[in-house]
Amino acid sequence: MTGTRQVRPDAAPRTTLDKAAHENFPVAPFFLPRAWRDHLMAVYGYARLVDDIGDGDLVPGGADAAHLGLDPGQAQDRIMMLDALEADLRRVFRDGDGSVEGGDPPRHPLLRALVPTVRRHALTPEPFTGLIEANRQDQFVSRYETYEDLVAYCALSANPVGRLVLAVTGTTSPERIRLSDTVCTALQIVEHLQDIAEDLAADRIYLPADDMKRFRVSEADLAAPTASERVRELVAFEAGRAGRLLDEGIPLVASVHGRLRLLLAGFVGGGRAALAAIEAAGYDVLPGPPAPTRAGLVREVAAVVRRASREG
C-alpha cells in the first residue's frame, strides 16, 4: 500500500528487544553470566511481543503478522494476532519439553529464540499463556471495580515474568514465587500509575473504581492536562500500596546471593525509583510518565541491597 513503510524481516524482533532499555528495571544487565542474559532476553522478547500485540504497538508494515503466518494487513487485529501467537507458542512446547523435532519450528523469530531457553530450563507453558490471556482480557475489560480485581489481572499480566526469571536462574521455590508475585504486582501497579494518561487515551483505566469513588475522582479528572488535588491524593494512595508491596519483596532479594541478588535488587529498586519520580512530580502523572533518573535508580538499588544484606 502507498505510504506503508517496508520492514526488513528481522526489523520487528530487533525493535521489540530494543525496548528493554526503556523499562523501569534492568532486564538483562551486563554483570550477569552470558547464558542468563541470553535466556532472560529471550523471555523478555516474548513478553514484550505479547504486550505490543495487545496494545497495538507493533512495528508498522505487518512483519510480525507475516512471521505468524497472517496477512500483514491483519497486524492490527489484536485477537487474531494473539490467537496466532498462541498457536506458534504451542510449536515451542510441541513435545512437552520445547523440542521442535518431528515438526515445524515456531514461525516467529522471537519464539524460535525462546526454544533453547524452554528446553534448557524445562519451562512450562503456563507463564507464557498467562501473558497472552492478560492481553486478551485487555481487549474486553477496560475498567476494574476493586483493588482485588486489579491484583487478579496482575497475576496474569506481570507475575508470570517473575516466575520465569526464577526458573531461568534456577532459584524457584514456593516462598520465592510468593515474594516474586508480590514484587511483580507492585511493578505493574507502578507502571499503571506512570501511564494513566496513555492508558486513558486507549480507553483503559487501571485505577480501581472503588478507590476513584473514595477520592471523588472522575474519568474526566483523569483526562485533564494536569492533576487536581483529588487525583494527586488518589495517585499517592496507590503509590503507597505499591511501595508497601515492594518492601514486602525485600526478603526475596535477601534469599539469594551474588549477581542474582543485584539483579533482583534492580527490579525492586527500579520500582522504588519510579515511585520516587512520581512523588517528585507531586503525584501529577497526567502530563506524562515521571521517569526515574539514573542516579535515582542507582540510589534505590543500593538501598535495597543494603536492606537485603541486613535481612539475609
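Sequence order sets the numbering: in each chain, residues are counted from 1 along the sequence as written. Under the rules for a predicted model, residues below a pLDDT of 70 receive no local features and side-chain atom pairs below 80 are neither given nor counted, while totals for whole chains, interfaces and linings still include all residues. The side-chain figures draw on all heavy atoms in the structure; neither hydrogens nor water molecules are used.

Quick word on the confidence of the model for the chain
Residues at a pLDDT of 70 or more form 88% of the chain, whose mean pLDDT is 90. On a scale of 0 to 100, pLDDT captures the predictor's confidence in every residue. Contacts are residue-level and defined by heavy atoms, with any inter-residue pair within 4.5 Å sufficient. When the criterion is pLDDT under 50, residues 1–9 qualifies, and its contacts beyond four places in sequence or with other chains add up to 10 contacts. Throughout residues 96–101 the model reports pLDDT below 50, and contacts reaching past four residues in sequence, or to other chains, amount to 19 contacts.

A few points about the packing of helix α16 (residues 258–280) against helix α17 (residues 294–311)
Packed helices, taken two at a time, are described by the angle between their axes plus the distance between the axes. Lines fitted to C-alpha atoms define the axes here, with helix axes fitted over just the stretch in contact, and angles between the N-to-C directions of these axes take values from 0 to 180 degrees. We count a stretch as a helix when DSSP gives it H or I for four or more residues in a row; a strand needs E for two or more, and each element gets its number in order from the N terminus. Packing of α16 against α17 leaves a shortest axis separation of 7 Å and a crossing angle of 125°. The angle between α16 and α17 places the two elements in the oblique class. The way α16 lies across α17 gives a crossing that is right-handed. Residues Arg261, Leu262, Ala265, Gly266, Val268, Gly269, Gly270, Arg272, Ala273 and Ala276 of α16 pack against Gly296, Leu297, Glu300, Val301, Ala303, Val304, Val305, Arg307, Ala308 and Ser309 of α17. Broken down by class, the residue content of the contact of α16 with α17 amounts to 11 nonpolar, 5 polar and 4 charged. With respect to orientation, any angle under 35 degrees is reported as roughly parallel, any angle over 145 as roughly antiparallel, any angle of 65 to 115 as roughly perpendicular, and every other angle as oblique. Two helices that cross are described as forming a left-handed crossing if the nearer one is turned anticlockwise from the farther one by less than a right angle, and a right-handed crossing if clockwise. Here the term charged refers only to Asp, Glu, Lys and Arg, the term nonpolar to Ala, Val, Leu, Ile, Met, Phe, Trp, Tyr, Cys and Pro, and the term polar to all other amino acids, Gly among them.

Quick word on the packing of helix α7 (residues 126–140) against helix α8 (residues 147–157)
Contact geometry of α7 with α8 gives a least axis separation of 7 Å together with a crossing angle of 135°. Relative to α8, the element α7 lies oblique. Counting all contacts with α7, which are made through Gly130, Leu131, Glu133, Ala134, Gln137 and Asp138, the residues of α8 involved are Tyr153, Leu156 and Ser157. A breakdown of the residues in the contact of α7 with α8 according to their chemical character gives 4 nonpolar, 3 polar and 2 charged.

Looking at the packing of aromatic side chains
Each aromatic ring pair is specified by the distance between its two centres and by the angle formed by the two planes. Centres within 6.5 Å make a pair out of two Phe, Tyr or Trp rings, where for Trp the six-membered ring is used; the pair is then stacked when the planes are under 30 degrees apart, edge-to-face when over 60, and tilted otherwise. Taken as a whole, this structure holds 6 aromatic pairs when the rule is applied. Taken together, a centroid distance of 5.2 Å and an interplanar angle of 80° make the contact between Tyr46 and Phe128 edge-to-face. Of the two residues, Tyr46 sits in helix α2 (residues 34–55) while Phe128 sits in helix α7, which places them 82 residues apart along the sequence. Just as Tyr46 is buried, Phe128 falls in that class too. Put simply, the rings of Tyr46, Phe93 and Phe128 pair up and form one aromatic cluster. Only Lys NZ and Arg CZ are tested; either one counts as a charge over a ring when it is within 6 Å of the ring centre and within 35 degrees of the ring normal. The ring of Phe237 carries the charged tip of Arg214 above its face, separated from the ring centre by 4.7 Å. Here the guanidinium or amino end of Arg241 rests over the ring plane of Tyr147, the centre of that ring lying 3.9 Å away. Here the term buried applies to any residue with accessible area under 20% of the maximum for its type, exposed to any over 50%, and partly exposed to those in between, with areas from a 1.4 Å probe on protein chains only.

Here we look at the side chain of Ser157
Secondary-structure assignment places Ser157 in helix α8. Ignoring any residue separated from it by four or fewer positions in sequence, one finds Ser157 in contact with Leu131, Ala134 and Gln188.

Details of helix α4 (residues 78–92)
Each helix should span, by expectation, one fewer than its residue count multiplied by 1.5 Å. Compared with an ideal rise of 1.5 Å per residue, which puts 15 residues at 21 Å, α4 spans 21 Å between its outermost C-alpha atoms and is within 8% of the ideal. Three or more residues of α4 are buried, namely Met81, Leu82, Ala84, Leu85, Glu86, Asp88, Leu89, Arg91 and Val92. On its buried face, α4 is in contact with α2, α3 (63–67), α5 (109–112), α6 (115–121) and α7.

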